[in-house]
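# Results of the structural survey
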Amino acid sequence: MALPWALLLLGEVLAQDAATQGCLLPPAAYNAALGRPASQSSVFPNISIAANAVDGNRDGVWQHGSCARTLTEREPWWSVDLGGRRAVAAVVVKNRQDCCWQRLRGAQVHVGDAPAERGRDNPICGTITDAGPGSLSTVCCAGLPGRYVSILIPGREDALVLCEVEVVLQGCVPLPGGEGLAGGRRGGSRSRQLRATLSPAIAAPNVARGRAVAQSSTLNAISLAVNAVDGNGDADWEHGSCAHTEKELEPWWHVDLGRRHAVYAVTVTNRRDCCWENLLGAQVHVGDSLADHGKRNPVCGAILDTGPGVASTVCCNGLLGRYVSVIIPGREDFLVLCEVEVTAQSCVPPPGAQNMALRRPVAQSSTADRLGSAINAVDGNRDGNWRHGSCSQTEREPEPWWTVDLGRRRAVAAVVVRNRLDCCWHRLKGARVHVGDSLVGYGTNNPVCGTITDAGRGSLSTVCCHGLRGRYVSILIPGREDALVLCEVEVIRQGCAPLPGAPNVAREQQATQSSTSNGSGVASKAVDGNRDGVWQHGSCSHTRREREPWWSVDLGGRRAVAAVVVKNRQDCCWQRLRGAQVHVGDAPAERSRDNPICGVITDAGPGSLSTVCCAGLQGRYVTVTIPGREETLALCEVEVYGVFPEL
């Protein structure tokens, strides 16, 4: 019965592909041009910079300040740098609606690897023929590859006005810092192949690893839901790294990503040793609801290639949601998942995220007035009123810049920039953020994280850098004469490993647990400051074997928790810790399992040291529990680190 159903599903997918080939774009199609560096042949005075066309605003009224515009000149052009070679499905262009819309008629769209003014030599996707008031033209590019998308008015003198340019990519959108995925089947080592598509400096973020999971049922003790997010791509079920339900109607599995993410793709590794056809037709859902176990959330796609051990990539192209579910719809079957990886973009700094720029050495191209010192942008004060003396400001000059020295090479998650709110806030539009190790060109030759597109009054812009590494963070206004005003710049650190010297707020605090084995494994031993993983040495807590054992520490007051570090036993029985959940909240002792979950321990090797990121989750009690099974809980040390101290 499965084969006819799968053929029907395949027909629906092919029909959808046919529509895509006709350039019918989904309502939430990913825009690869948004916030990317843009340039143009000239700039009409004041409010017409190239960056306006990639600010995410389709407002077609030029006076509102969201359209790019050149001077009237021979063959004017505009170009956007996508950051890497991409396969372009279509380019969507918004025309001006208040005046002069006919100017756009006959404009050509080019895609290729020649930059800026040379973009006219790149292959042509097509020509804009609808130049009505506020027209929205979709030019089909059918996968034409290139790094630059250019728009040119050929063969005449005119002004080029673009109120928005959106670039829609073929297949899966690009992973942060790397190339896109084609979608579909991948064999062999999944993690190795995924990283092979990326820039060496940036790894694809798998936001599912170690997160809280659940499934409709569990076949046996080696088939836990958590196995699918343990980072182990072993596709042989007998090796104990695959999730496996019982045979039932519409089995399901889901992962809680902890907060809302824009999901690029979901990669699912099938079983290799047996029964791989069970996964045929499984649907991947992404959304914010757990109603009906996530089945009501939007569908990213279906798994159609179910060969032995195949890793299938389902493109979600920025679909938003907290929960990712895998469901076998409409039939009774087993659901077996040997790994689920969720590649997503989310760089909103969590509460208490470390600002690495605070009070670090800074420089800028010039200083306007005694109030505009460069150091003002890293003083920890987000006051956007320049007269209050907490904003940096350069003179009005060509391509002004500002840079901060982080002291050593760092992995940067995001850069947060506070704009001026009392005057002249529009100046910041189009400013570029660079991260790297060079001070050549004052750091502006380093790789670009992104561009500031929101230059509203007192705006707070978060530019995602996805772990880009470098010692220097620079901000530049490219291609024009202006003043650069920054009321605060915060550089957010990637990851949550405790800083050297950070205080362990759990040490020697009061601890309790569900039971104690032999009277010697008391709860307090997990907070004695000793990481010795040999139980016989007397420094590990140990419960009896029981249903859902737990251990909890009282921090003495409410804390914002950055990370919890758990030391496993190393002399015996270390696998018992696999799937243990870490909770933080205000419910004490045995009730603490109802507190929010930070994450799950997936590395249960001998003496493993697991760091669970809690991203500022607040609570008085930190609890470790083994959910859903009868087990012994042994903890050789638990360390709790508060939100990162500022340096």
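Residues numbered from 1 in each chain as written. Predicted model: local features only at pLDDT ≥ 70, side-chain atom pairs only at ≥ 80, totals over all residues. Heavy atoms only, no water.

## Details of the overall build of the chain
When you go through the chain residue by residue, the secondary structure sums to 2 helices and 41 strands. A total of 647 residues make up the chain; the buried ones form 56% of that total. Long-range pairs, those at least 24 residues apart, make up 77% of the contacts in the chain between residues at least 6 apart in sequence. (Helix = DSSP H or I, 4+ residues; strand = E, 2+ residues; numbered from the N terminus. Buried < 20%, exposed > 50% of the residue type's maximum accessible area, 1.4 Å probe, protein only. Contact = heavy atoms within 4.5 Å.)

## Let's talk about the packing of aromatic side chains
Between two aromatic rings, the relevant description is the distance of the centres plus the angle of the planes. By the definition in use, this model includes 2 aromatic pairs. Summarising the aromatic geometry, the rings of Phe-44 and Trp-62 are spaced 5.6 Å apart at their centres and angled 75 degrees between planes, so their arrangement reads as edge-to-face. On the criterion of sequence distance, the pair formed by Phe-44 in the loop between β1 (38–40) and β2 (68–69) and Trp-62 in the loop between β1 and β2 is long-range, its members being 18 residues apart. Arranged with centres 4.2 Å apart and planes meeting at 10 degrees, the rings of Trp-401 and Tyr-442 form a pair that is stacked. Residue Trp-401 is found in strand β25 (residues 401–418), and its partner Tyr-442 is found in the loop between β26 (432–436) and β27 (448–451); the two are separated by 41 residues along the sequence. A cation sits over an aromatic face here: Arg-69 above Phe-44, 3.8 Å from the ring centre. Of note, Arg-69 hangs over the ring of Trp-62, and the distance from its end group to the ring centre comes to 4.8 Å. (Phe/Tyr/Trp six-rings, centres within 6.5 Å; stacked < 30°, edge-to-face > 60°. Lys NZ or Arg CZ within 6 Å of the ring centre and 35° of its normal.)

## Comments concerning empty space enclosed by the protein
On inspection of all chains with the given rule, the structure shows 1 cavity of 30 Å³ or more. Roughly 60 Å³ of internal volume is contained in the largest cavity. Lining the largest cavity are Asn-568, Arg-569, Cys-573, Trp-574, Arg-576, Leu-577, Thr-632, Leu-633 and Ala-634. A breakdown of the residues in the lining of the largest cavity according to their chemical character gives 5 nonpolar, 2 polar and 2 charged. (1 Å grid on protein atoms, 1.4 Å probe; cavity = no way out; pocket = protein on both sides within 12 Å on 5 of 7 lines; lining within 4 Å. Points joined across faces, edges and corners; volume = space filled by probe spheres on them. Nonpolar A, V, L, I, M, F, W, Y, C, P; charged D, E, K, R; others polar.)

## Section: the pairing of strand β31 (residues 488–493)
Burial analysis of β31 places 6 of its 6 residues in the buried class, which makes it a mostly covered element. Burial along β31 is two-sided: Glu-488, Glu-490 and Ile-492 and Val-489, Val-491 and Arg-493, pointing in opposite directions, are all buried.

## Things to note about the pattern of salt bridges
Side chains bearing opposite charge may pair, as long as their charged atoms lie close to each other. Tallied over the full model, the rule gives 33 salt bridges. A salt bridge links Arg-85 to Asp-113, with the nearest nitrogen and oxygen atoms 2.7 Å apart. You can see Arg-85 sitting in strand β4 (residues 77–94) and its partner Asp-113 sitting in the loop between β5 (108–112) and β6 (124–127), a full 28 residues away along the chain. Among the residues examined, Asp-113 registers a relative accessible area of 41% and is labelled partly exposed. The partner of Arg-409 in a salt bridge is Asp-437, and the shortest N-O contact between them spans 2.6 Å. On the criterion of sequence distance, the pair formed by Arg-409 in strand β25 and Asp-437 in the loop between β26 and β27 is long-range, its members being 28 residues apart. With a relative accessible area of 47%, Arg-409 lands in the partly exposed category. Given the relative accessible area of 41%, Asp-437 is considered partly exposed. Residues joined by salt bridges that share partners form a network here, namely Arg-396, Arg-427, Arg-480, Glu-481 and Asp-482. (Salt bridge = Lys/Arg side-chain N within 4 Å of Asp/Glu carboxyl O.)

## So, the side chain of Thr-632
Mapped onto the secondary structure, Thr-632 falls in the loop between β39 (630–631) and β40 (634–635). For Thr-632, the contacting residues outside a window of four places in its chain are His-542, Thr-543, Arg-544, Arg-545, Pro-549, Arg-576 and Ile-626.

## Re the confidence of the model for the chain
Averaged over the chain, the pLDDT score is 84; the fraction of residues at 70 or greater is 87%. In this model, residues 175–203 is a region of pLDDT below 50 whose contacts with residues beyond four sequence positions or in other chains number 73 contacts. (pLDDT = per-residue confidence, 0-100.)

## Some points on the nonpolar core
With 33 residues, the main nonpolar core has Trp-253, Val-266, Leu-337 and Val-342 as its most contacted residues. Among the elements of the structure, β12 (212–215), β15 (252–269), β16 (283–287), β18 (311–327) and β21 (339–345) are those that each provide at least two residues to this core. Counting residues per element, this core draws most heavily on β15, which supplies 6 residues. (Core = buried A, V, L, I, M, F, W, Y, C linked by side-chain atoms within 4.5 Å.)

## With respect to the pairing of strand β35 (residues 550–567)
Across the 18 residues of β35, 14 count as buried, placing the element largely inside the fold. Direction of pairing for strand β32 (residues 511–513) relative to β35: antiparallel, over a ladder of 3 bridges. The residue bridging Ala-511 from the neighbouring strand is Val-553, located in β35. Bridge count between β35 and strand β38 (residues 609–625): 13 bridges; the pairing is antiparallel. Note on β38: the bridge partner recorded for Trp-551 is Val-624. Note that β35 and strand β41 (residues 637–642) share 6 bridges and pair antiparallel. Looking at β41, one finds that Val-564 is bridged to Val-640. (Pairing = 2+ DSSP bridges.)

## Examining the state of the cysteines
Covalent bonding between the sulfur atoms of two cysteines defines a disulfide. One pass over the structure, following the stated rule, counts 12 disulfides. One disulfide bridge connects Cys-67 with Cys-163, the sulfur atoms lying 2.1 Å from each other. Because the torsion about its S-S bond is 95 degrees, the bridge between Cys-67 and Cys-163 counts as right-handed. Remark: Cys-163 occurs in the loop between β9 (161–162) and β10 (164–169) and Cys-67 occurs in the loop between β1 and β2; sequence separation between them is 96 residues. Residue class for Cys-67 comes out buried when judged on its relative accessible area of 0%. Across the disulfide from Cys-274 sits Cys-275; the S-S distance is 2.0 Å. In this structure Cys-275 comes out as partly exposed when scored by relative accessible area, which is 29%. (Disulfide = S-S within 2.5 Å.)

## Details of unusual backbone geometry
Not every positive phi belongs to a glycine, and Cys-100 is a case in point at roughly 60 degrees. Examined against the element boundaries, Cys-100 turns out to sit in the loop between β4 and β5. The backbone phi angle of Glu-548 is positive, close to 50 degrees, even though this residue is not glycine. By secondary structure assignment, the location of Glu-548 is in the loop between β34 (546–547) and β35. Judged by its relative accessible area of 24%, Glu-548 falls in the partly exposed class.

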